[in-house]
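# Summary of the model geometry
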Amino acid sequence: PLVAINPDGTLPYGQYLAGRDIPAGTYVLYESDPVFYGNVDVRSDALNRYPSIKGQDTYSGRIYVTVSEGEYLTFRGDIAYPLEMAPPLEAGDRILRDGMYLVGTDIPAGTYKITAQNPLEGYYKIYSDATHRASSILRGGDLDVDKTITVRDGQYFFIFGGSIEAQIP
């Protein structure tokens, strides 16, 4: 039975088999500690061997991850929600911090300025989906300097070690 999800809809950090412990689908993961980072990986087995990795990322803030039946979702972070139970994104100002944003839902399509916060560790990726697979990366790079990026509806805009300024007209 699918019993890993708490009554309030959350998943504590750990490893879950999609189709046994949790339903296959998209989840929203959170890591709110500014000192520690979350890690997520999707694997084909529970042995944590390198060849079984299908997708992985280090993150801070709020990110999406999609798992298919038979895949193992492992994450170290605060908490996760099934997509339909996740709290909505709250952007209190014109600057969005580390995280993953679904273009067309969380942010509008357009051109954004990424500001590097720590040039030694920051990077960004534009994904076609939320599987975190290398084959889903449309483009990306280090945040050694500030960058201007254009994104389209349906893409996932991932940033680590930087911030996104509101859309540039």
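As shown above, the structure is provided for reference.
Read on for an overview of the structure. (Residues numbered from 1 in each chain as written. Predicted model: local features only at pLDDT ≥ 70, side-chain atom pairs only at ≥ 80, totals over all residues. Heavy atoms only, no water.)

## Focus: unusual backbone geometry
Inclusion rule: The way it works is that DSSP assigns letters per residue, a run of H or I at least four long becomes a helix, a run of E at least two long becomes a strand, and they are numbered from the N terminus.
One non-glycine residue, H132, lies in positive phi territory at about 65°. For H132, the location among the structural elements is in the loop between β11 (123-127) and β12 (137-142).

## Here we look at the environment of N118
By the secondary structure assignment, N118 is in the loop between β10 (110-116) and β11. On a C-alpha basis, the gap between N118 and L143 in space is 7.9 Å, while along the polypeptide they are 25 residues apart.

## What to know about the pattern of salt bridges
What counts, and what does not: The rule for a salt bridge is simple: a side-chain nitrogen of Lys or Arg has to be within 4 Å of a carboxyl oxygen of Asp or Glu. Relative accessibility thresholds used throughout: buried, under 20% of the residue-type maximum; exposed, over 50%; partly exposed, between the two (1.4 Å probe, protein chains only).
Scanning the model with the defined rule gives eight salt bridges in all. D146 serves as the salt-bridge partner of K113, at 4.0 Å between the closest nitrogen and oxygen. On the criterion of sequence distance, the pair formed by K113 in strand β10 and D146 in the loop between β12 and β13 (147-151) is long-range, its members being 33 residues apart. Judged by its relative accessible area of 39%, D146 falls in the partly exposed class. Measuring nitrogen to oxygen at the nearest pair gives 3.6 Å for the salt bridge that ties K147 to D144. By relative accessible area, D144 is classed as partly exposed at 46%. Residues participating in the shared-partner salt-bridge network are K54, E71 and R133.

## Some remarks on the packing of aromatic side chains
We count it as follows: Stacked, edge-to-face and tilted are the three classes for Phe, Tyr and Trp ring pairs, Trp counted by its six-membered ring, which pair at centre distances within 6.5 Å; planes under 30 degrees apart are stacked, over 60 edge-to-face, the rest tilted.
A complete count under the given rule lists eight aromatic pairs for this structure. Considering the side-chain rings of Y123 and F160, the 5.3 Å spacing of their centres and the 35° angle between planes classify their relative orientation as tilted. With Y123 in strand β11 and F160 in strand β14 (residues 156-160), this pair connects stretches of sequence that are 37 residues apart. Overall, Y123 belongs to the buried group, its relative accessible area being 18%.

## Some points on the sheet that holds strand β3 (residues 38-43)
To keep things clear, this is the line we draw: Pairs of strands are assigned from DSSP output, requiring at least two bridges between the strands. Whenever a helix is involved, its axis is fitted only over the stretch in contact; in every case the axis is a line through C-alpha atoms, and angles between N-to-C directions fall within 0 to 180 degrees.
Across the sheet, four strands lie side by side as β1-β6-β3-β4; this open sheet has antiparallel pairing. The open sheet is flanked by β1 (14-17) and β4 (53-59), the only strands paired with a single partner. Across the sheet, the axes of successive neighbouring strands diverge by a mean angle of 10°, strand direction being ignored. Across four bridges, β1 lies against strand β6 (residues 72-76) in antiparallel orientation.

## Considerations on the sheet that holds strand β8 (residues 95-96)
Taken in spatial order, the four strands make up an open sheet running β8-β15-β10-β13, and their pairing is antiparallel. Looking at the sheet topology across the chains shown, the edges are occupied by β8 and β13. As judged from the two bridges shared by β8 and strand β15 (residues 162-165), these two strands associate in the antiparallel manner. By the bridge assignment, L96 is partnered in β15 with I164.

## Looking at the nonpolar core
Our working definition: To qualify as a nonpolar core, a set must consist of buried Ala, Val, Leu, Ile, Met, Phe, Trp, Tyr and Cys residues joined through side-chain atoms within 4.5 Å. Only heavy atoms matter for contacts: two residues are in contact if any of them lie within 4.5 Å across the pair.
One finds I22, Y27, L29, V40, L73, F75 and F158 to be the most contacted residues of the largest nonpolar core, which totals 28 residues. At the level of elements, β2 (25-31), β3, β5 (61-67), β6, β7 (79-82), β9 (99-102), β11 and β14 are the ones that each hand at least two residues to this core. With residues up to four places along the chain from it excluded, the contact list for L29 reads V40, Y59, G61, R62, I63, V65, F75, I79 and A80.

## Observations regarding the side chain of D106
Counted only if it meets this: Pairing of N or O atoms within 3.5 Å defines a polar contact, subject to two protein rules: one partner must be a possible hydrogen donor and the other a possible acceptor, and residues neighboring in sequence count only if both atoms are side-chain atoms.
Inspection of the secondary structure puts D106 in the loop between β9 and β10. D106 gets classed as buried once you look at its relative accessible area, which sits at 17%. Polar side-chain contacts of D106 include one of 2.7 Å to the side chain of Y64.

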